[in-house]
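Spelled out from the first residue to the last, the chains are:
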Amino acid sequence: MIQLLNPTHWKDYELIDCGDFEKLERFGNTILIRPEPQAVWSKALSPAEWQRLHHIKFKGRSATAGDWVKKDQKTADRWHVEYKNNDVAIKFRLGLTSFKHLGIFPEQAVNWDYISDNIKKFKTPAPKVLNLFAYTGGASLIARAAGADTTHVDSIKQVVTWANENQELSGLKDIRWMVEDALKFVKREVKRGKTYNGIILDPPAYGNGPNGEKWKLEDNINEMMSDVMQLLDPEEHFLILNTYSLGFSSVIIENLIKSAYPKVQNLEIGELYLQATAGPKLPLGVFGKFYKNKS
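Small disclaimer: the values here were computed from a predicted structure and weren't measured.

Draft legend 1. Expanded view of unusual backbone geometry. Positive phi, close to 55 degrees, is recorded for Y135, a residue that is not glycine. With respect to the element layout, Y135 can be found in the loop between β9 (128–132) and α3 (138–145). The class of Y135 is buried, set by a relative accessible area of 19%. A positive phi is found at D174, a non-glycine position, where the angle reads about 75 degrees. Following the sequence through the fold, D174 ends up in the loop between α4 (157–169) and β11 (176–179).

Draft legend 2. Summary view of the packing of aromatic side chains. One pass over the full model with this rule turns up 12 aromatic pairs. Measuring from ring centre to ring centre gives 5.0 Å for F58 and W68, while their planes differ by 70 degrees; the resulting arrangement is edge-to-face. Separated by 10 residues along the polypeptide, F58 in strand β5 (residues 56–60) and W68 in strand β6 (residues 66–70) bring together distant segments of the chain. Residue classification places F58 among the buried positions, given a relative accessible area of 7%. Among the residues examined, W68 registers a relative accessible area of 17% and is labelled buried. Aromatic pair F92 and W112: ring centres 5.4 Å apart, planes at 20 degrees, arrangement stacked.

Draft legend 3. Region of the structure containing the sheet that holds strand β17 (residues 281–292). Strands sit in the order β1-β16-β17-β15-β12-β9-β10-β11 across an open sheet of eight strands; the sheet is mixed. Either end of the sheet is taken by a strand with one partner, and the two such strands are β1 (2–5) and β11. This sheet shows a mean twist of 20 degrees between the axes of neighbouring strands, independent of strand direction. Pairing of β9 with strand β12 (residues 198–201), which is carried by four bridges, proceeds in the parallel orientation. Counted as the bridge partner of L130 is I199 from β12. The strands touched by helix α5 (residues 182–192) are β9, β10 (149–154) and β11; relative to β11, the strand with the most contacts, the crossing angle is about 120 degrees.

Draft legend 4. Region of the structure containing the domain arrangement of the protein. Split by domain assignment, the protein resolves into domain 1 (2–78) and domain 2 (104–292). Here the C-alpha centroids of domain 1 and domain 2 sit 26 Å apart. On the domain 2 side, the residues contacting the 24 residues of domain 1 number 30 residues. Where domain 1 touches domain 2, the interface holds 13 residue pairs in polar contact (both at pLDDT 80 or more). Mapped by element, the contributors of at least two residues to the side of domain 1 that touches domain 2 are β1, β2 (13–19) and β3 (22–27). For the side of domain 1 that touches domain 2, the element with the most residues is β2, which contributes six residues. A class-by-class count of the residues in the side of domain 1 that touches domain 2 yields 15 nonpolar, four polar and five charged.

Draft legend 5. Broad picture of the UniProt feature "domain: S-adenosylmethionine-dependent methyltransferase" (unreviewed entry) in the protein. Per the UniProt annotation, the sites labelled "domain: S-adenosylmethionine-dependent methyltransferase" (unreviewed entry) are residues 56–210. Span residues 56–210 is 29% helix and 30% strand, its end C-alpha atoms 32 Å apart.

Thresholds applied
- Residues numbered from 1 in each chain as written.
- Predicted model: local features only at pLDDT ≥ 70, side-chain atom pairs only at ≥ 80, totals over all residues.
- Heavy atoms only, no water.
- Helix = DSSP H or I, 4+ residues; strand = E, 2+ residues; numbered from the N terminus.
- Buried < 20%, exposed > 50% of the residue type's maximum accessible area, 1.4 Å probe, protein only.
- Phe/Tyr/Trp six-rings, centres within 6.5 Å; stacked < 30°, edge-to-face > 60°.
- Pairing = 2+ DSSP bridges.
- Axes fitted to C-alpha atoms, helices over the stretch in contact; angles between N-to-C directions.
- Contact = heavy atoms within 4.5 Å.
- Domains from an automatic or database assignment.
- Polar contact = N/O pair within 3.5 Å; in protein donor to acceptor, adjacent residues only side chain to side chain.
- Nonpolar A, V, L, I, M, F, W, Y, C, P; charged D, E, K, R; others polar.
- UniProt positions renumbered as here; feature names shortened; annotations may be inferred.

As structure tokens, this is what we get:
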């Protein structure tokens, strides 16, 4: 059964509308217009309503960069939002980057809930969690807040620094920060005989390691999954694989997981989306996840 899941605990985030290759979003009290390549349908709200509601709009100059245009120059470039579910609460520092991102992917809250829920159910004290391609640390913060011994791996130093800011903002400490190529890190941990109770992967379609290592999702993900499965604690674990690639379906994710880990239990696959207040659903990636608890 393929699931369609959207976040249910957000108070500081709202997708107001999407369409015509744009999305209208509220982060805290700030409303932004950003490009959205998957929103090929028409907007539900009128152009006049979009113009009235938004505070800041991103205008692209190229495929990878652009500028933020404010209606009021007093609008802050940086601000904070909170995410809270039934178990934990974390905070993020958001910022206007030149490549349209703000430092958070709101749909990932579905996976954050899965992480905290599984950690709370574990019988293992201080379970070990590994977050790969970890960005600004949403999954790392959730895991640490839920009581896990957490390792955060990303290849971009500035992003890891940002994640550390979020840790401090959330009142947390002792996350292990690793600025490293994810595949190299995993292979080294396999050689060391390390195991983790939780592993989270959110790989990009394309990427580069700190020393110029090349990552291409369809070329490298099968090797990555084979190595990662060797790090899973056999008695008690969870794993989340999330991808945002227009060419990947949840059936591909299912095949990848079953191929790398034939004894998988409690496997779920599906698609993440954000529900716009104005009506449309915005698809934002596919996932596979599974868990095993001690009997």
